[in-house]
Amino acid sequence: MVRDLRGLTQEDFALVSSRTYVSGLERGLKSPTLKKIEQIASVLNVHPLTLLAISYASSPGKKALAEALDLARKEADELWQSEP
C-alpha cells in the first residue's frame, strides 16, 4: 500500500531486500525483523512506526489508522505513568 502510494516498484528496494522478499511481505507470507522494517521504511521515506501503525490498523483508511495510533499513544502514556 505505502509502496504503491509512493510510486515505488519492488525493484526499488534492491539495496535492502530482494523483490521476492518484498512480494512475500506484501502478501503476508514473510515476517520482517525490526531492522528490516527500518530499512524498508527508509526506502519508503517514512518512519518505521508509520508502517507498523498502517499494518495494525483494523482496516485501510485514515479513521482506522487514527484509532491504531490513538491506542498506541494511550498505552504508552499508561506505561510511562506507571514508571517507578
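Up top is the structure.
Now for a quick tour of the structure.

Analysis parameters
- Residues numbered from 1 in each chain as written.
- Predicted model: local features only at pLDDT ≥ 70, side-chain atom pairs only at ≥ 80, totals over all residues.
- Heavy atoms only, no water.
- Helix = DSSP H or I, 4+ residues; strand = E, 2+ residues; numbered from the N terminus.
- Buried < 20%, exposed > 50% of the residue type's maximum accessible area, 1.4 Å probe, protein only.
- Contact = heavy atoms within 4.5 Å.
- Areas by Shrake-Rupley, 256 points an atom, 1.4 Å probe, with all protein chains shown as cover.
- Lys, Arg positive; Asp, Glu negative; His and termini not counted.
- Charge placed at Lys NZ, Arg CZ, Asp CG, Glu CD.
- Phe/Tyr/Trp six-rings, centres within 6.5 Å; stacked < 30°, edge-to-face > 60°.
- Lys NZ or Arg CZ within 6 Å of the ring centre and 35° of its normal.

1. With respect to the overall build of the protein chain
- Scanning the protein chain from N- to C-terminus turns up five helices and zero strands.
- In the protein chain, the order of α-helices and β-strands from amino to carboxyl end is α-α-α-α-α.
- Among the 84 residues that make up the protein chain, the fraction classed as buried is 25%.
- A fraction of 29% describes how many contacts in the protein chain between residues 6 or more apart in sequence connect residues 24 or more apart.
- Total accessible area on the protein chain is roughly 6,400 Å²; 57% of this is exposed by carbon and sulfur atoms.
- Taking the average location of the 11 positive side-chain charges in the protein chain and that of its 11 negative ones, the two points are 7 Å from each other.

2. Description of the environment of Ile 40
- Its place among the elements puts Ile 40 in helix α3 (residues 34–44).
- Look at Ile 40 and you get buried, because its relative accessible area is 11%.
- If sequence neighbours within four positions are ignored, Ile 40 has contacts with Phe 13, Leu 25 and Leu 51.

3. Comments concerning the packing of aromatic side chains
- Evaluation of the coordinates by the stated rule reveals zero aromatic pairs.
- Note that Lys 36 overlies the ring of Tyr 21, its terminal NZ or CZ placed 5.7 Å from the centroid.

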